[in-house]
Amino acid sequence: MISAYLDEFKTMEGIYKAANKLSLKRIPLRNINEKNIYFLKEKEIEEIKEALRKNKIRISMIDIDVAHDIYSPIDVVKISNLAKAFGCRNVVIRMPKFFDFEAEKKQISIVYNDLITSFRKEKMDLNFHVDYEIESAYIAAILKEFKHLQFVYNPGECYSNDKSITTYYRLLRNNISNAIVFDIDKDKKPTLIGYGKALVLDIIDKLNNDKFKGDLYYDSNLGDYVRYKNEETQEGFFKRLFSRKKRKSHQMIDEKLRVDENEEVDFIPLLKSQLKLLSKYQKS
């Protein structure tokens, strides 16, 4: 399945309207009103459940994008209640931070074992965002002990952290449950898929060759481009005059989309075009 994060639309109403326009029946859920779902109150959860039900949209993955470390573990029961509320077993969390791998090996092992056991007890599928700040050797050591850990691979994040996309792919290839993609240029600025340095299409080819069975999620980073583009169009010459430096980073996107510098851009068709491109590359 190919789907997309729709955080850019902020409210639940905006999210389900976007999902309907994009013909997405299953979406990941991460942030509402710029707040991670981990921090939602019970009333908010009930309102979201009702909106999803009315609009016939299912949640494919809940993304708990919350920092935690080996001394302050994340609340598994709280996540389980969220998963049950949204009818979703698939959960992705960050890797727990550590401070000194060699000195903390025992504690790291205990924390991963507890997480695996707790999520299994709650009947949830546990996945980890790859922490690209961690040296690959440490991730390899964790995998050696916990061979069946599942990871969500993100080549754009890998490039952002100055790590080798192919090295991390080779390391994780047998443990990739889902993939999240976006593209960035050599200066780490957002760009269209296939025109940056994140090797997105190459990675999809590798996933296809490795008979990848997971879901592919587009996590669009083009919201600022769209907002700036439309504000610039509305405010005209003087905004352009004093914003040439920022404008320059958007010129390539304009050229690839074949839009004039004074033309507004609608985010939904832009998203649709990127999802269409991904669907051409990912084998069903």
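All values derive from a computational prediction rather than experimental measurement.

Engineer: Describe the overall build of the chain, with residues and values.
Structural biologist: Within the chain, the regular secondary structure consists of twelve helices and twelve strands. The C-alpha atoms of the chain give 20 Å as radius of gyration, which agrees with the globular expectation for 284 residues (19 Å, within 12%). When burial is assessed residue by residue, the chain has 51% of its 284 residues classed as buried. Restricting the contact set of the chain to residue pairs at least 6 apart, pairs at least 24 apart contribute 74%.

Engineer: How would you summarise the side chain of H68 if you had to cite specific residues and measurements?
Structural biologist: Relative to the helices and strands, H68 resides in the loop between β5 (58-64) and α3 (76-85). Using a relative accessible area of 6% as the deciding quantity, one classes H68 as buried. Within polar-contact distance, the side chain of H68 engages the backbone oxygen of R94 at 2.8 Å. Once you skip the residues sitting within four places of it in the chain, H68 turns out to touch I74, I93, R94, M95, P96 and K97.

Engineer: Go over the side chain of N208 with me, naming the residues and quoting the values.
Structural biologist: Position of N208 among the secondary structure elements: in helix α8 (residues 200-209). In terms of polar contacts, N208 uses its side chain to reach the backbone carbonyl oxygen of Y281, at 2.7 Å.

Engineer: I'd like a rundown of the packing of aromatic side chains, residues and numbers included.
Structural biologist: Scanning all chains against the criterion turns up 13 aromatic pairs. Consider the rings of F101 and Y138, whose centres lie 4.6 Å apart with planes at 20°: the pair is stacked. One end of the pair, F101, is in the loop between β6 (90-94) and α4 (105-121); the other, Y138, is in helix α5 (residues 136-145), and 37 residues separate them in sequence. Among the residues examined, F101 registers a relative accessible area of 8% and is labelled buried. Members of the aromatic cluster, joined through ring pairs, are Y112, F128, F146 and F151. In this arrangement the basic side chain of R30 is found over the ring face of Y5, its NZ or CZ atom lying 3.9 Å from the centre. The ring of Y38 has K78 sitting right over it, with the charged end atom 4.3 Å from the ring centre.

Engineer: So what's going on with the pairing of strand β9 (residues 176-181)? Residues and values would help.
Structural biologist: Most of β9 sits inside the fold, with six of its six residues counted as buried. Direction of pairing for strand β8 (residues 151-153) relative to β9: parallel, over a ladder of three bridges. Among the inter-strand pairings, Y153 is bridged to a residue of β9, identified as A179. Strand direction decides the pairing type here: β9 and strand β12 (residues 216-218), joined by three bridges, are parallel. In the sheet register, I180 faces β12, and the bridge partner there is Y217.

Engineer: Explain empty space enclosed by the protein to me, using residue names and the numbers behind them.
Structural biologist: The final tally for this structure, using the stated rule, is one cavity of 30 Å³ or more. Empty space within the largest cavity amounts to approximately 30 Å³. Along its surface, the largest cavity is lined by L6, D7, I15, I27, P28, L29, R30 and N31. Of the residues in the lining of the largest cavity, the class split is five nonpolar, one polar and two charged.

Engineer: How would you summarise the pattern of salt bridges if you had to cite specific residues and measurements?
Structural biologist: Taken as a whole and judged by the stated rule, the model has 18 salt bridges. A salt bridge links E102 to K105; the nearest nitrogen and oxygen atoms lie 3.2 Å apart. Taking the relative accessible area as the measure of exposure, K105 reaches 44% and is therefore partly exposed.

Engineer: For the nonpolar core, give the residues involved together with the corresponding values.
Structural biologist: Counting 90 residues, the largest nonpolar core has I62, I64, I79, F86, I93, Y218 and L278 as the members making the most contacts within it. The contacts of I93, once residues within four sequence positions are left out, are I64, H68, I74, I79, L115, F119, L126, N127, F128 and H129. M61, V92, V152 and Y217 belong to the second-largest nonpolar core, a separate cluster that totals six residues.

Engineer: Let's hear about the layout of surface pockets: which residues, and what values?
Structural biologist: Of the volumes computed, that of the largest pocket is approximately 1200 Å³. Along its surface, the largest pocket is lined by 49 residues, and E157, F182, D219, S220 and N221 are the ones closest to its centre. Looking at the lining of the largest pocket, the elements that each hand over two or more residues are α9 (223-235), α11 (244-257) and α12 (267-281). With six residues, α11 is the single largest residue contributor to the lining of the largest pocket. A volume near 260 Å³ is recorded for the second largest pocket. As for the second largest pocket, its lining consists of 13 residues, and the residues nearest its centre are I116, R120, M124, L126 and H148. Counting residues per element, the ones that place at least two in the lining of the second largest pocket are α4 and β7 (125-129).

About the thresholds
- Residues numbered from 1 in each chain as written.
- Predicted model: local features only at pLDDT ≥ 70, side-chain atom pairs only at ≥ 80, totals over all residues.
- Heavy atoms only, no water.
- Helix = DSSP H or I, 4+ residues; strand = E, 2+ residues; numbered from the N terminus.
- Rg over C-alpha atoms; globule rule 2.2 N^0.38 Å.
- Buried < 20%, exposed > 50% of the residue type's maximum accessible area, 1.4 Å probe, protein only.
- Contact = heavy atoms within 4.5 Å.
- Polar contact = N/O pair within 3.5 Å; in protein donor to acceptor, adjacent residues only side chain to side chain.
- Phe/Tyr/Trp six-rings, centres within 6.5 Å; stacked < 30°, edge-to-face > 60°.
- Lys NZ or Arg CZ within 6 Å of the ring centre and 35° of its normal.
- Pairing = 2+ DSSP bridges.
- 1 Å grid on protein atoms, 1.4 Å probe; cavity = no way out; pocket = protein on both sides within 12 Å on 5 of 7 lines; lining within 4 Å.
- Points joined across faces, edges and corners; volume = space filled by probe spheres on them.
- Nonpolar A, V, L, I, M, F, W, Y, C, P; charged D, E, K, R; others polar.
- Salt bridge = Lys/Arg side-chain N within 4 Å of Asp/Glu carboxyl O.
- Core = buried A, V, L, I, M, F, W, Y, C linked by side-chain atoms within 4.5 Å.

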